[in-house]
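Results of the structural survey
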Amino acid sequence: RTDTPDFQSFAIEHHSNIKDKWKNKKHAQQWTNTLDTYVFPKIGDYLPSEVDLSAIESVLRPIWSQKTETATRIRQRLEAILDWTIVHGYRAADNPARWKNNLERIFPSPAKISPVNHFSAVPVSQIPDLCQRLLASDALSSQTLLFLVLTAVRSGEARGARWEEIDL
């Protein structure tokens, strides 16, 4: 198509089609902010068919090791935008931003670069003190954590509990 919009135009259009799925406006804004900062200056004026593996690498390589979480999210956004252009017939079915059997062969796994560090469990000897501090707080998060400690329910169940489910 000779009148094909550039990648940036497709990204903006795709975002306008999906932004209502987010409950938090901040997430929708972060989506475009990362594209404005890292993607559009490098490949925003490319046609969708011109976005190849080297274009994706030019965006991700400078931030992959230092800003791994951001790079991972940008990669996902690039993949979604390119999938959208494929569905609408602006590029072939190949998506150079795909992780599986593609970028995973080029970049180290995000988990290897910045592994997840979970909080350690509170030692059993400190549980009474923790419970006293939680009881002293009126914060919903404190009360939820206390409920979790006392009942050993899963965190999602504690956060989603309704009063009619509680038998005092």
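Data block above holds the structure.
These notes cover the structure that comes with them. Note that this is a predicted model, so its numbers are computed, not measured. (Residues numbered from 1 in each chain as written. Predicted model: local features only at pLDDT ≥ 70, side-chain atom pairs only at ≥ 80, totals over all residues. Heavy atoms only, no water.)

1. Focus on the overall build of the chain
Note the following rule: Only DSSP runs of H or I covering at least 4 residues are called helices, and only runs of E covering at least 2 are called strands; the numbering of each starts at the N terminus. For this measure, only C-alpha atoms enter the radius of gyration; the expected value for a globule follows 2.2 Å times N^0.38, where N is the number of residues. Residue burial is assigned from relative accessible area. The probe radius is 1.4 Å, only protein chains are included, and a residue is buried under 20% of its type maximum, exposed over 50%, and partly exposed in between. Note on contacts: a residue pair qualifies if any of its non-hydrogen atoms lie within 4.5 Å across the two residues. The method behind every accessible area is Shrake-Rupley, applied with a 1.4 Å probe, and residues are considered shielded solely by the protein chains displayed. Charge convention: Lys and Arg are scored as positive, Asp and Glu as negative, and His as well as the terminal groups of each chain are ignored. Where a charge sits is defined by one atom per residue type, namely NZ (Lys), CZ (Arg), CG (Asp) or CD (Glu).
Broken down by element type, the chain carries eight helices and zero strands. For the chain, the succession of helices and strands along the chain, N to C, is α-α-α-α-α-α-α-α. On C-alpha atoms alone, the chain measures out to a radius of gyration of 22 Å, which is more than a quarter above the 15 Å that the 2.2 N^0.38 rule sets for 168 residues. Along the longest, intermediate and shortest principal axes, the C-alpha atoms of the chain span 70 × 35 × 25 Å. Burial status across the chain gives 30% buried among its 168 residues. Partitioning the intrachain contacts of the chain with sequence separation of at least 6 by distance along the chain shows that 53% fall at a separation of at least 24. With the model as given, the accessible surface of the chain reaches about 11,500 Å², and the carbon-plus-sulfur share is 52%. The averaged location of the 20 negative side-chain charges in the chain is 4 Å from the averaged location of its 21 positive side-chain charges.

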